[in-house]
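Now for the letters of each chain:
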Amino acid sequence: MAQNNLFRIFIISIALLIACVIGLATLAISPRSMPSLGVNDIIDANDAVVEKDTENKELGLNGNEVFEGKAKKINMSQPELDSMLRETGIKSRLSQITPNSRLDDTGTAQGMAYNWIVHVDGMKLSGDSTNLFQRYSLAALYFSTGGPDHWLHGEKWMTNVHECSWSYSSFNGHRVGVNSCDSGYNVLTVELANNQLFGSIPPEIGLLTNIRNLDLQNNMLRGSIPPRMGDMKNLVEVFLNDNKLTGSVPVELGQLNYLSQLFLQFNDIEGYVPGDLCLLRGRNNLFNIWTDCLGDDEENLSDVICSCCTYCCNGLDKCEAP
């Protein structure tokens, strides 16, 4: 009997011990022992992180400011958002050609052309417009050569119509401006001779990759011939004579395989005519090339050394076959 009582006491002790252990464990994980966060508390916590991490913000495509994966709504109307995306697309594409520093500087021809396309031009081109480069190139040429202040005829230039219509017929029927385009509205001829151009030829002229005839003669152009004219692969005739151009003849002009007429005389160009350019004459492509290779009448010194020119001029008023 005594043994049975001891066994019962042992069983009851074990049961009480287990109950105590379970009770302590339940108390330790009770929700009453933890602070609770409501919905508002969570939102306030996220906002605190957002305000703290403003240095990492960027603008998402839906008009939200994004902070390390979190979005905070800002006030932007749909038209404002569309305008911002359009400007971003245009700048992204033009920056492949012109550095952003020049696009952002409205004191440069490139900055003025970019600003005009984005904010003024009635055509409202976008970053994927097929004629963006062409229109930008012609606008840069306009601003770089004193279009607003110096051009004699620029009435149709920089208007809201397609650039293929940027031409003016003078009183004698002579057309000034963009004189011809192909069926795809690619510019083929730019005629700005005797138009009081003043300034320099911008590198962006090289974007006119379909052009065949470029006539800028008898103006007041200064600076050097842009090497990127070598990108104008379809050029046939180039008239840059009777200006104030300096520097040397770019070797890149030797890439113009269709070139047949090149007039560079009566400028201040110096140096050698590149061998690749002379090779075009050897292939019977380049029919005429005129430079100031005759030299001064008094000193008999040539500003340009040319072994393949059809005519050499003295830089002033006389030309003759070598």
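Predicted model, so just to flag it, every value in this text is computed and none were measured.

Novice: Give me the overall build of the protein chain: which residues, what numbers.
Specialist: Helices and strands together make up the secondary structure of the protein chain, namely seven helices and 16 strands. Considering the protein chain as a whole, with its 322 residues, one finds that 39% of them fall into the buried category. Taking contacts inside the protein chain between residues at least 6 apart in sequence as the whole, the part at least 24 apart equals 48%. Entry remark: accessible area of the protein chain is about 18100 Å², with carbon and sulfur atoms responsible for 54%.

Novice: If you had to explain the pairing of strand 5 (residues 175-181) to someone new, which residues and values would you point to?
Specialist: For a regular strand, side-chain orientation follows a simple rule: the groups alternate between the two sheet faces. For strand 4 (residues 167-169) and strand 5, the ladder comprises three bridges, and the chain directions are antiparallel. Considered in strand 5, the bridge of Y168 is made with V176. Pairing geometry for strand 5 and strand 6 (residues 187-191), over four bridges, is antiparallel. Opposite S180, over in strand 6, you have T189 as the bridge partner. What sits between the antiparallel neighbours strand 5 and strand 6 is a turn of five residues, in which Y185 has the positive phi angle 60°.

Novice: Describe the confidence of the model for the protein chain, listing the residues and the values that go with them.
Specialist: Per-residue pLDDT for the protein chain averages 83, and the proportion of residues at 70 or more is 74%. Low confidence marks residues 27-63, where pLDDT is under 50. Its contacts with residues over four positions away, or in another chain, come to 33 contacts.

Novice: Please provide a residue-by-residue account of the packing of aromatic side chains, values included.
Specialist: Under the definition given, this model contains eight aromatic pairs. Here W151 and W157 contribute two aromatic rings whose centre-to-centre distance is 5.0 Å and whose plane-to-plane angle is 80°, an arrangement assigned as edge-to-face. When its relative accessible area of 9% is taken as the criterion, W151 is described as buried. When the centroid spacing of 5.6 Å and the interplanar angle of 50° are considered together, the rings of F263 and W290 count as tilted. With F263 in strand 11 (residues 261-263) and W290 in strand 13 (residues 288-291), the pair connects residues that are 27 residues apart, well separated along the chain. For F263, a relative accessible area of 12% gives the class buried. Classification of W290 by relative accessible area gives buried; the value is 19%. What links up through ring pairs into an aromatic cluster is the set W116, Y142, F143, W151, W157 and W166. Against the face of F133 rests R93, its NZ or CZ located 4.5 Å from the ring centre.

Novice: An account of the nonpolar core is requested, with residue identities and associated values reported.
Specialist: Grouped together as the largest cluster of nonpolar side chains are 64 residues, with contacts concentrated most on W157, L192, L214, M229, L240, V273 and L277. Elements that contribute at least two residues to this core include exactly helix 3 (78-94), helix 5 (109-120), helix 6 (132-144), strand 5, strand 6 and helix 7 (275-282). It is helix 6 that contributes the most residues to this core, nine residues altogether. One finds F239, F263, F266 and C313 within the second-largest nonpolar core, a separate group that totals five residues.

Novice: Just give me the short version of the pattern of salt bridges, but keep the residues and values in it.
Specialist: One pass over the structure, following the stated rule, counts three salt bridges. Each of D121, R135 and E163 takes part in salt bridges that share partners, so that together they form one network.

Novice: Provide a residue-level description of the packing of helix 3 against helix 5, including the pertinent values.
Specialist: Contact geometry of helix 3 with helix 5 gives a least axis separation of 10 Å together with a crossing angle of 155°. What the angle tells us is that helix 3 and helix 5 run roughly antiparallel. For the crossing formed where helix 3 meets helix 5, the hand is right-handed. For the pair helix 3 and helix 5, the contacting residues are R86, E87, I90, K91 and L94 in the first and Y114, I117, V118 and H119 in the second. In terms of residue class, the contact of helix 3 with helix 5 is made up of five nonpolar, one polar and three charged.

What counts, and where the lines are drawn
- Residues numbered from 1 in each chain as written.
- Predicted model: local features only at pLDDT ≥ 70, side-chain atom pairs only at ≥ 80, totals over all residues.
- Heavy atoms only, no water.
- Helix = DSSP H or I, 4+ residues; strand = E, 2+ residues; numbered from the N terminus.
- Buried < 20%, exposed > 50% of the residue type's maximum accessible area, 1.4 Å probe, protein only.
- Contact = heavy atoms within 4.5 Å.
- Areas by Shrake-Rupley, 256 points an atom, 1.4 Å probe, with all protein chains shown as cover.
- Pairing = 2+ DSSP bridges.
- pLDDT = per-residue confidence, 0-100.
- Phe/Tyr/Trp six-rings, centres within 6.5 Å; stacked < 30°, edge-to-face > 60°.
- Lys NZ or Arg CZ within 6 Å of the ring centre and 35° of its normal.
- Core = buried A, V, L, I, M, F, W, Y, C linked by side-chain atoms within 4.5 Å.
- Salt bridge = Lys/Arg side-chain N within 4 Å of Asp/Glu carboxyl O.
- Axes fitted to C-alpha atoms, helices over the stretch in contact; angles between N-to-C directions.
- Parallel < 35°, antiparallel > 145°, perpendicular 65-115°, else oblique.
- Left-handed = near helix turned anticlockwise from the far one by under 90°.
- Nonpolar A, V, L, I, M, F, W, Y, C, P; charged D, E, K, R; others polar.

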